[in-house]
Amino acid sequence: MLKRLFNNLIPNRTAVKRQVIPREQHNISRKNISSAAIRIMKVLHEANFAGYLVGGGVRDLLLNGHPKDFDVATDATPEQIKGLFRGARIIGRRFRIVHVRIGREVIEVTTFRASHEDASHAKQAQQTDHGMLTRDNVYGSLETDAVRRDFTINALYYTTEGFAIHDFVGGTRDIKRRLICMIGDPATRYQEDPVRMLRAVRFAAKLGFNIEPKTAKPIPDLAHLLRNISEARMFEEVLKLFMAGAATATFNLLRDYGLLAHLFPATDAILAGGDQQAEELINQAMVNTDKRIRSKQRVTPAFIYATLLWPPMQAELAVLRQQKRNQKVPEIVLQQQAAQSVIRQQLAHTSIPKRFQIPMREIWDLQLRLPQRSGNRALSSFEHARFRAAYDFVLLREQSGENLGGLGDWWTRYQDANEVAREKLVASVDEQGQDKPKRKRRRRKPAAQRNSEDSSAIDAGKDTSSPNAEL
Ligand code: ATP
Ligand code: MG
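Residues numbered from 1 in each chain as written. Chains lettered and ligands numbered in written order. Predicted model: local features only at pLDDT ≥ 70, side-chain atom pairs only at ≥ 80, totals over all residues. Heavy atoms only, no water.

### Things to note about the overall build of the chain
Right, on to step 1. Along the backbone of the chain there are 23 helices and twelve strands.
Right, on to step 2. Taken across its 471 residues, the chain has 46% of its residues classed as buried.
Right, on to step 3. Put simply, of all contacts in the chain between residues at least 6 apart along the chain, 67% involve residues at least 24 apart.
Right, on to step 4. Taken as a whole, the chain presents about 25,000 Å² of accessible surface, with 49% of it coming from carbon and sulfur. (Helix = DSSP H or I, 4+ residues; strand = E, 2+ residues; numbered from the N terminus. Buried < 20%, exposed > 50% of the residue type's maximum accessible area, 1.4 Å probe, protein only. Contact = heavy atoms within 4.5 Å. Areas by Shrake-Rupley, 256 points an atom, 1.4 Å probe, with all protein chains shown as cover.)

### Some remarks on the site of ligand 1
Right, on to step 1. Around ligand 1 lies a shell of 17 residues, among which Arg59, Lys68, Asp193, Arg196 and Arg202 are the nearest.
Right, on to step 2. Contact between ligand 1 and Asn154: an oxygen atom at 2.9 Å from a main-chain N or O atom of the residue.
Right, on to step 3. One of the side-chain nitrogen or oxygen atoms of Arg196 is found 2.7 Å away from a nitrogen atom of ligand 1.
Right, on to step 4. Contributing elements (two or more residues each) for the shell around ligand 1: helix 3 (56–62) and helix 8 (195–207).
Right, on to step 5. Per-element tally for the shell around ligand 1: the top contributor is helix 8, with five residues.
Right, on to step 6. Classifying every residue of the shell around ligand 1 gives one nonpolar, three polar and 13 charged. (Near = heavy atom within 4 Å. Polar contact = N/O pair within 3.5 Å; in protein donor to acceptor, adjacent residues only side chain to side chain. Nonpolar A, V, L, I, M, F, W, Y, C, P; charged D, E, K, R; others polar.)

### What to know about unusual backbone geometry
Right, on to step 1. Phi at Arg178 takes a positive value of approximately 55 degrees, unusual for a residue other than glycine.
Right, on to step 2. Counting through the fold element by element, Arg178 comes out in the loop between helix 6 (171–177) and strand 11 (179–180).
Right, on to step 3. Phi at Lys296 takes a positive value of approximately 60 degrees, unusual for a residue other than glycine.
Right, on to step 4. Mapped onto the elements, Lys296 comes out in the loop between helix 15 (276–294) and helix 16 (301–323).
Right, on to step 5. The exposed category is assigned to Lys296, whose relative accessible area is 76%.

### Considerations on the sheet that holds strand 2 (residues 51–54)
Right, on to step 1. Here we have eight strands laid out as an open sheet, ordered 1-10-9-2-3-6-5-4, and mixed in their pairing. Both outer strands of the open sheet, strand 1 (19–21) and strand 4 (88–91), are each paired with one neighbouring strand and no more. Averaged over neighbouring strand pairs, the angle between their axes works out to 30 degrees when direction is ignored.
Right, on to step 2. Across four bridges, strand 4 lies against strand 5 (residues 97–102) in antiparallel orientation. Among the inter-strand pairings, Arg89 is bridged to a residue of strand 5, identified as His99. (Pairing = 2+ DSSP bridges. Axes fitted to C-alpha atoms, helices over the stretch in contact; angles between N-to-C directions.)

### Remarks on the packing of helix 11 (residues 231–242) against helix 16
Right, on to step 1. One way to put it is that helix 11 packs onto helix 16 with a least axis distance of 11 Å and a crossing angle of 90 degrees. Considering the angle they form, helix 11 stands roughly perpendicular to helix 16. Side by side, helix 11 and helix 16 meet where Phe235, Val238, Leu239 and Phe242 of the first sit next to Pro301, Ile304, Tyr305 and Leu308 of the second.
Right, on to step 2. Tallied by class, the residues present in the contact of helix 11 with helix 16 amount to eight nonpolar, no polar and no charged. (Parallel < 35°, antiparallel > 145°, perpendicular 65-115°, else oblique.)

### Thoughts on helix 21 (residues 407–416)
Right, on to step 1. Along helix 21, the residues classified as buried are Leu407, Gly408, Trp410, Trp411 and Tyr414. For helix 21, the angular spread of buried residues about the axis comes to 160 degrees, placing them on one side.
Right, on to step 2. Tucked into the core, helix 21 has its buried residues touching helix 19 (377–382), helix 20 (387–399) and helix 22 (419–427). (Arc of directions from axis to C-beta.)

### Concerning the environment of Leu198
Right, on to step 1. Along the chain, the position of Leu198 falls in helix 8.
Right, on to step 2. In sequence terms Leu198 and Leu259 are 61 residues apart; their C-alpha atoms lie 7.7 Å from each other.
Right, on to step 3. Apart from residues lying up to four places away in sequence, Leu198 is in contact with Leu226, Met234, Glu237, Leu241, Leu254, Leu259 and Leu263.

### Looking at the packing of helix 16 against helix 17 (residues 331–346)
Right, on to step 1. Interhelical geometry of helix 16 versus helix 17 gives an angle of 125 degrees and a closest axis separation of 8 Å. By the angle between their axes, helix 16 is oblique relative to helix 17. In this structure, helix 16 meets helix 17 at a crossing whose hand is right-handed. Each of Tyr305, Leu309, Pro312, Met313, Glu316, Leu317, Leu320 and Arg321 in helix 16 lies in contact with helix 17, whose residues at this interface are Glu331, Leu334, Gln335, Gln337, Ala338, Ala339, Ser341, Val342, Gln345 and Gln346. (Left-handed = near helix turned anticlockwise from the far one by under 90°.)

Keep in mind these values describe shape, not function.
In structure tokens:
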């Protein structure tokens, strides 16, 4: 009794009570589990180690989803795991894990962790003054491993020895309640690892769950702790946030919880200022990204970053134009300066690897080139490696209400056209990329017909100009 009371008084030490859900009371079937993960558990069991499937794999199996990866937890140390599998590699310093390759699959195998309070020396666990864990390698038992995980729904263990689910933290109940609940005291757990705030939002959006009020409450006040996370880890998290098929919902939650201000501060400030066009552009980009993922089309981080940073880049460009209005600097030069400045500021928050930064800048540069279509400029833009993404970006800008004088439509027709039709299209625009004035061809009609048509058009208020006049 006293012990229970004591446990309840220490928020980070959630009372641990094992609940075992036998095979006949859950819907996880072995055939939905990767054969590599099953093989790893078998090898561990044969060597007298524990081996459990844990994390997103178990959660998604229970939700009838298709897990994207499977993680295994064991009481074997990284070195012992390495001794059991030929294709094993120990990785990570902050958090040591083993990647075991079997066939084409790589399974993460993790040694049970314990609370850092149980550390015997600083090599295993390190914490900053903000309470952030910079090293988390204190090994423990199945029970201690469960309570150091982030959310209850992520702390369910499944084993092929008996096919039961082991639940120490009420994860199965929270799956039924569709709730994201932090294990332990939420504020302390966010301080240990601020990325957990992003994870709460990501799982809520992806699974369509609510975040339990106690788990949600500290987020706005602690969002600033994201500044302590390395830019490289933040970049990885951004990819997971926007490329998991629920970018729209994720983006809205990031804003609601004040997290966006620490991921994309310049973008957040523009949205907070009520810029409707930026709002539309980003929202439409998120909707399109989700659609593409649903239909198994490729999405690139370069496009997502190009969209998120476009409004701040445009704002910077407007300032530069004003500052240099008497210097006749070409627009492309100004835009590249604006791009440089916005990217530099963003790099203080999330890294952007060069392989995405370069195509992102190209998408932006092409926004200035695509309106230039005379001579062989159209063809050279069309043959640019980034044409397709840049064209999609034009469509996105138009979808968000920007008037580009029918540019998207012109390029749509250009792509569909044969050589002759392409020449005609190119001839329809002038050097400045403007539509040339159209000469209306009038066919004379018999006088009687002319009279009757004219009057009916006026009666009905009809527009009699040809819809294909541009061609
Ligand atoms: P996904 O579907 O995105 O892979 P996941 O839950 O499997 O979701 P992973 O990042 O693969 O997420 O992590 C595997 C498991 O490790 C999680 O389910 C959770 O139990 C634990 N975990 C991961 N990151 C953290 C963290 N920052 N703090 C505590 N536990 C974590
Ligand atoms: Mg996972």
